Amino acid sequence: MPKRTAGRASTRSGLTRTAGAAAVAALGTALLAPTASAAVVPVEIDLISINDFHGRISEDLFNGSVGAAAIGTAVKAFEAENPNTLFVSAGDNIGASTFESMSQDDNPTIDALGAAGLSVSTVGNHEFDRGFDDLTGRVVDRWAASTGLPGGDLTLGANVYAKGNTEPALQEYAIREFDGVSVGFIGTVTEQTGTLVSPDGIADIEFGSQVEAVNRVSAQLSDGDDSNGEADVIVVLTHDGSEAEDCAAVASVESGYGDLIRNASADVDAFFSGHTHMGYACQIAGPDGSERAVLQGNDYGSTFSHVSLSVDPATGDVVDSAAALVNLAERGYEADPEIQAIVDEAVEQAEIVGGRELGMISDDILRGGAVPGDDRGVESTLGNLVADVHLWATSNDSYAGEPAVMAFMNPGGLRADLLYGEDGVVTFKEAADVQPFANTLITMDLTGAQIKDVLEEQWQPGNDRPKLHLGISEGLQYWYDDAAEHGAHVTAIEFGGEPLDMDATYRIVTNSFLASGGDNFTTFADGANRADSGQVDIDATVAFFGAHDVVDPAPLGRAAVAEEPTQTPEPTEEPTPSEEPTPSEKPSESSEPTVSESPSTSADPTVEPTTDAPSSQPADDGELAKTGATTAWLVGAGSLLLVLGIVLMMLRRNPAAKH
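My aim in this report is to walk through the structure given alongside it, one point at a time. (Residues numbered from 1 in each chain as written. Predicted model: local features only at pLDDT ≥ 70, side-chain atom pairs only at ≥ 80, totals over all residues. Heavy atoms only, no water.)

**Looking at the overall build of the protein**
What counts here: The helix count covers DSSP runs of H or I at least four residues long, the strand count covers runs of E at least two residues long, and both are numbered beginning at the N terminus. Only protein chains enter the calculation, and the probe is 1.4 Å; a residue is then buried if its accessible area is under 20% of its type maximum, exposed if over 50%, and partly exposed in between. In what follows, residue pairs with any heavy atoms lying within 4.5 Å of each other are defined as contacts.
For the protein, the helix and strand inventory stands at 16 helices and 25 strands. Counting every position in the protein, which comprises 659 residues, the buried fraction comes to 47%. The long-range share in the protein, meaning contacts at least 24 apart out of those at least 6 apart in sequence, stands at 74%.

Given below as structure tokens:
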């Protein structure tokens, strides 16, 4: 695998100090020379960082990722402008990755970023996804092989301790030198990591205060004792961040991260952040009132966080600095051929790995529409199933966080169906194709009123798709009227068979795309007590199939059309017919008899009268029987009289008959 060290930085790692003495000696000689009366020229250092890369090795501009090969080209471009450039990361390089990396234990990501020149990184919570032993064994070894550097330099964690004491469980810092100026990088990870990954994998470690760890290590690096490491400039790589992008909000955030950026030692000159997938470049006051750069570069390798430092080599003081975000897609960097070859091989191998059998389904599980996937505005068995999967993943016994009680899935995140085929077998790749974006599962608190708002946001008049029907988990049901006014489509909501309490708070889960307000579901972005579950959607699906012998399509009907209220006809009071109608009750010759009136008899005695009774009110069988008997008696009597009349007429015409 390719090995390279970015820029002209020499390397010092962990709790030890190695090379760089020659450069320092040369600088000292120059400063002591008789001609040294000229002003000291500052050393210009450029630091570029990514965060939350999550294995996005392939280009995916729709989601902002330029891919590892273009990142490698971008690093070289910065190095060409300033050889004193270093490429670093604020964590989550691996984990929650796309299929071509995830299916191969993220080895392709480590190889590709190593080839791109990544030199120093902190751990993120996702570096612990496969457990602490995997991190300190396979992952560290792979980083060493791909970069040619100590693997611990890429897995810093100053606030990760052996359980029950303050003994560091990971390397705390790494040092790089630029023309005699030493820069120390301290790595930390969010204190919430213990709730974001499987507890079994981190049973022997714990996560402490970031600000305490940074102050402890920065004091060590600044005490002038070379034997314990020494740095002129200190930079913190923290896998933690703000949910807001406004600098005033970043500065005032109340969390472990806020405590860190405000109260970390004044010896710290800059913070590169991650975890919240936000983009900001701020100057925030430290404990002594002086400002220092605090940045986060969105996610997926879309953005470089860039800090430029001008350092006086005589004193080690930062005399000037600047911070900015660099949109890589806008710069249009071409793919580095060497790194692209790593990516292409990973994609090819993913096709092979993807053929592994994952589980069984009992029937086709489909997206919405007459042609599955054509209509995102209708309920689907797949959308509901994926919501069920996400709920299961964040509420079962192995989940360490606060359990969710309901889940939501956007239809646009479903990109393939699960087809029964000949035998119902679902492969790894087929399951991954359903949710190819590798979104993480985010839990949050919403009130019942906010949940109603979320459901109302499915109707989006004026958009290309005027309705986006969310998949919802079992236990949640609602009724709707498509023709209602905007904001009044949802007519009723039940949870667990009871009306949803608009004032109560419910723990919900959704993917990171929706959680940020994607697809115009803006209410999700207002959710409180947000937490990264530590799971990516495909990982949750793999675990779900592993826990179920056969997976059935989720039933439809969790969303139902509201029925219009049935209007019961008002009964009409029929008058009781008298034996002889009074003149005022008799209909005129031109009037039509009504259903409430007694039937009239036609002039022709052979024609039976008819009765039009309301269908909602059946006729009285007893009355019909009496009417029929009377009519039959009259017809019979009339016939007998007619026959007798004919006989009398014949006797009159035939006298012989008289004898």
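**A short note on the state of the cysteines**
This is how it is decided: Count a disulfide wherever a pair of cysteine sulfur atoms falls within 2.5 Å.
Here the structure, examined in full by the defined rule, presents one disulfide. There is a disulfide in this structure between cysteine 247 and cysteine 282, and the S-S distance comes to 2.1 Å. What sets the handedness of the cysteine 247 and cysteine 282 disulfide is the S-S torsion sign, and at about -85° it is left-handed. Of this pair, cysteine 247 sits in helix α7 (residues 247–252) while cysteine 282 sits in strand β11 (residues 279–285), placing them 35 residues apart in sequence. Relative accessible area serves as the criterion here: at 32%, cysteine 247 is assigned to the partly exposed category.

**Concerning unusual backbone geometry**
Its identity as a non-glycine residue notwithstanding, aspartate 92 has a phi of 60°, on the positive side. Its place among the elements puts aspartate 92 in the loop between β3 (85–89) and α3 (99–102). A positive phi is found at aspartate 106, a non-glycine position, where the angle reads about 65°.

**Comments concerning the environment of leucine 154**
With respect to the helices and strands, the residue leucine 154 is situated in the loop between α5 (132–147) and β5 (160–162). The spatial distance from the C-alpha of leucine 154 to the C-alpha of asparagine 93 is 9.7 Å, given a sequence separation of 61 residues. Other than its neighbours up to four places away in sequence, leucine 154 contacts Leu118, Ser119, Val120, Ser121, Thr122, Trp143 and Thr147.

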